[in-house]
Amino acid sequence: MIKSKSPLPKMAIKVLSALDAAKTQFYHFKAIIIAGMGLFTDSYDLFCIPVVMRMLGRIYYPEIHRTIDQRKWFEVPSVIASTMIGVALMGTVIGQLVFGRLGDLVGRRHVYGVSLIMMVVGSIGCGFSFSVLTPMVFVSLGFFRFLLGVGIGGDYPLSATIMSEFANKRTRGTFIAGVFSMQGFGILLSSLITMIVCYIFRGFSDNLRTVSKLPESETTAPVLGMQQNKLNTSKKLI
């Protein structure tokens, strides 16, 4: 007589069958919010960098070249801007592979929490400049963008998997679509926050002369006093 190896597979099948047949309840919407906020912050962090590069260019690259089109003033060099975007995407690929496998081995909800912690640490680190030297500022930003990308990469597969496991058979597609729709709101909010921040700081710099009012002899546009001191120090060190 052959004995069953373990009752666990049968119990797992019963649990999955119960989830498939369960009515839509509060915990379904709770799962949508938790998993959806992960994808919301993913898209916010990934797609905010182009507009952030525009602001950083205004601060760290204030030199004006009169022979160049004004639309290209204050631009971060394309190599640096592309690197800031690329390191996050590289980290995303690594995070998907590593956290996806760890989710199967350790447990998806536990690993999901670790990926969210990495996203929080990476996001906070991106907000700080750890040097007065412009190159080191972007090196620091690139490092934390990579760390952020790894956390985002872990969040992508785990969010969809967790939501599909909690959803019932009848509404699984709708719930997963609702989770991924949060990406659009994250992209929208990143642009909205950028416009609000620019508008607020514009009020602090109304007394500064605009580029069009600069004499031809001046080749550096005005920035806020604290950042101007940082730029002056950076130039002296270089």
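Details of the structure are given in the entry above.
The paragraphs below set out a description of the structure included in this document. From a predicted model like this one, the values you see are computed outputs, not experimental measurements.

How each quantity is defined
- Residues numbered from 1 in each chain as written.
- Predicted model: local features only at pLDDT ≥ 70, side-chain atom pairs only at ≥ 80, totals over all residues.
- Heavy atoms only, no water.
- Disulfide = S-S within 2.5 Å.
- Phe/Tyr/Trp six-rings, centres within 6.5 Å; stacked < 30°, edge-to-face > 60°.
- Helix = DSSP H or I, 4+ residues; strand = E, 2+ residues; numbered from the N terminus.
- Buried < 20%, exposed > 50% of the residue type's maximum accessible area, 1.4 Å probe, protein only.
- Expected span 1.5 Å × (residues − 1).
- Arc of directions from axis to C-beta.
- Core = buried A, V, L, I, M, F, W, Y, C linked by side-chain atoms within 4.5 Å.

Okay, the state of the cysteines next. Under the criterion given, the structure shown has zero disulfides. This cysteine, Cys48, is not joined by any disulfide, and Cys126 carries the nearest cysteine sulfur, 8.0 Å off.

Attention shifts here to the packing of aromatic side chains. Under the defined criterion, the tally for this structure stands at three aromatic pairs. On the basis of an interplanar angle of 70° and a centroid distance of 5.9 Å, the ring pair of Tyr60 and Phe138 is categorised as edge-to-face. Residue Tyr60 is found in helix H3 (residues 49-60), and its partner Phe138 is found in helix H6 (residues 134-166); the two are separated by 78 residues along the sequence. In this structure Tyr60 comes out as buried when scored by relative accessible area, which is 7%. Judged by relative accessible area, which is 4%, Phe138 ranks as buried.

Attention now moves to helix H5 (residues 108-126). End to end, H5 covers 27 Å across 19 residues, agreeing with the expected 27 Å (1.5 Å per residue, within 8%). All buried positions along H5 are accounted for by Val111, Tyr112, Ser115, Met119, Gly122 and Gly125. Angularly, the buried residues of H5 cover 150° about the axis, an arc narrow enough to put them on a single face. Of the exposed residues in H5, those oriented more than 90 degrees away from the buried face are Arg109, His110, Ile117 and Ile124.

Moving on, we get to the nonpolar core. Among the nonpolar cores identified, the biggest contains 13 residues, and Ile32, Leu46, Ile152, Tyr156, Met163 and Val179 are the most heavily contacted of them. Counting only elements with at least two residues in this core, the list comes to helix H2 (26-47), H6 and helix H7 (172-180). When residues of this core are assigned to their parent elements, the largest contribution, five residues, is made by H2. The next biggest cluster of nonpolar side chains, apart from the first, holds 11 residues, and it includes Leu56, Tyr60, Val76 and Leu141.

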